[in-house]
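# Structure at a glance
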Amino acid sequence: QYLTKSEGNWRTILMILQRGKARNDWQRTLDLLSTLTDKDLRDVRYEVLVDALDNTPAGSDVQHVLAPRVAYEQLLPYRAYLLREMKPLLGKAWGNPVQTVAFCKQQITQRQDLSIASTLTSPIGVCRSRVADARSLAVFFVALCRTQGIPAWIDPIDGKIYYTYQGKNVHV
């Protein structure tokens, strides 16, 4: 079904499926593909899928951790970069969503004048510049949480940001 839906991108999907089978990671690979829309299946790059699989703890929540898409941003391989750059920066706070919220509020400058219609700054762009509009910051926060194995998402109806901490869903 994923090969058919991927249309012209079938080689990418076939390569990730073959990789999953060769690594005995078949179910997780299928779980990852299940998070993608039909359009994503037609557009996603192999590097994005590998980044999500290789930089997400096994057994993670599929929809709110493993999924590479946060909102309607361009799909990019951000996890390895955030892991490399942010883990040393957060130190002992790594894996703590409360400290991740604090980092984003204290270390990322919000500039609404940067917002251009539907354009978002990528999580890597926000990490590098430490500047973002509100929507790009929301995507960065969720991406950073997911990279830490913390379930996080943006509600598609009201746009509110949530994460799961100690078994409870918390609104940011």
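Everything here concerns the structure above.
What this report covers is the structure whose coordinates are included nearby. (Residues numbered from 1 in each chain as written. Predicted model: local features only at pLDDT ≥ 70, side-chain atom pairs only at ≥ 80, totals over all residues. Heavy atoms only, no water.)

## Considering the overall build of the protein
Convention followed: A run of H or I in DSSP counts as a helix once it spans at least four residues, and a run of E counts as a strand once it spans at least two, with each numbered from the N terminus. Based on C-alpha atoms, the radius of gyration is set beside the globule rule, defined as 2.2 Å times the residue count to the power 0.38. Contacts are assigned to residue pairs with any non-hydrogen atoms lying within 4.5 Å of each other. Computed with the Shrake-Rupley method and a 1.4 Å probe, the accessible areas treat only the protein chains shown as cover for residues. For the purpose of counting charges, residues Lys and Arg are taken to be positive, whereas Asp and Glu are taken to be negative. His and the chain ends are not included. Just so you know, the charge point we use is NZ for Lys, CZ for Arg, CG for Asp and CD for Glu.
When you go through the protein residue by residue, the secondary structure sums to 10 helices and 5 strands. For the protein, whose C-alpha radius of gyration is 16 Å, the value lies close to the compact-globule estimate of 16 Å for 172 residues. When contacts within the protein are restricted to residue pairs at least 6 apart in sequence, long-range pairs at least 24 apart make up 57% of them. Total accessible area on the protein stands at roughly 9,300 Å², and carbon and sulfur atoms take up 51% of it. Counting 22 positive and 16 negative side-chain charges, the protein places the averaged centre of each group 5 Å from the other.

## Quick notes on the packing of helix α2 (residues 10-22) against helix α5 (residues 46-54)
Note the threshold: Interaxial angles span 0 to 180 degrees and are taken between N-to-C directions of axes, which are lines fitted to C-alpha atoms, for helices over the stretch in contact. An angle counts as roughly parallel when it lies under 35 degrees, as roughly antiparallel when it exceeds 145, as roughly perpendicular when it falls between 65 and 115, and as oblique in every other case. For any helix crossing, the convention is left-handed if the near helix is rotated counterclockwise from the far helix by under a right angle, and right-handed if that rotation is clockwise. In this classification, Asp, Glu, Lys and Arg are treated as charged, Ala, Val, Leu, Ile, Met, Phe, Trp, Tyr, Cys and Pro as nonpolar, and every other residue, Gly included, as polar.
For the pair α2 and α5, the least separation of the axes is 9 Å and the interaxial angle reads 25 degrees. The pairing of α2 with α5 is recorded here as roughly parallel in orientation. For the crossing formed where α2 meets α5, the hand is right-handed. Contact with α2, carried on its side by Thr12, Ile13, Met15, Ile16 and Arg19, involves Tyr46, Leu49, Val50, Leu53 and Asp54 of α5 and no other residues of that element. Class assignment for the residues of the contact of α2 with α5 results in 7 nonpolar, 1 polar and 2 charged.

## Re the layout of surface pockets
Heads up, the condition is: A cavity, in this analysis, means grid points on a 1 Å lattice covering only the protein atoms where a 1.4 Å probe fits yet has no way out; a pocket is instead an open set bounded by protein on both sides within 12 Å along at least five of seven lines, and a residue lines either one if it has an atom within 4 Å of a point. Grid points are joined across faces, edges and corners, and a volume is the space filled by probe spheres set on the points.
Taken as a whole, the largest pocket encloses approximately 810 Å³ of empty space. In terms of lining residues, the largest pocket is bounded by 31 residues, among which Val70, Ala71, Trp153, Ile154 and Asp155 are the most central. Among the secondary structure elements, those contributing two or more residues to the lining of the largest pocket are α6 (62-66), α8 (97-107), α10 (134-147) and β3 (152-154). Broken down by element, the residue count for the lining of the largest pocket peaks at 7 residues, all from α10. The residue makeup of the lining of the largest pocket, split by class, is 18 nonpolar, 7 polar and 6 charged. In this model, the second largest pocket occupies a volume close to 170 Å³. What lines the second largest pocket is Thr37, Lys39, Asp40, Asp43, Val44, Arg45, Val48, Arg69, Glu73, Gln74 and Leu75. No other element matches helix α4 (residues 38-43), which puts 3 residues into the lining of the second largest pocket. Of the residues contributing to the lining of the second largest pocket, the split by class is 3 nonpolar, 2 polar and 6 charged.

## As for the sheet that holds β3
Note the following rule: Here, any two strands with at least 2 DSSP bridges between them count as paired.
Sheet architecture is open: 3 strands sit in the order β3-β4-β5, paired in antiparallel fashion. A single partner strand is all that each edge strand has here, and the edge strands are β3 and β5 (168-171). Taking each pair of neighbouring strands and ignoring which way they run, the sheet shows an average axis angle of 25 degrees. Note: β3 against strand β4 (residues 161-165), 3 bridges, orientation antiparallel. Note on β4: the bridge partner recorded for alanine 152 is tyrosine 163. Contacts from α10 reach β3 and β4 within the one sheet, and its direction differs from that of β3 by about 155 degrees.

## As for the pairing of β5
Walk down a regular strand and you will see the side chains alternate between the two sheet faces. Where β4 meets β5, 4 bridges bridge the pair, whose relative direction is antiparallel. Note that in β5 the partner of tyrosine 163 across the bridge is valine 170. Remark: 2 residues form the turn of the hairpin made by β4 and β5, two consecutive strands paired antiparallel; glutamine 166 in that turn has positive phi of roughly 50 degrees.

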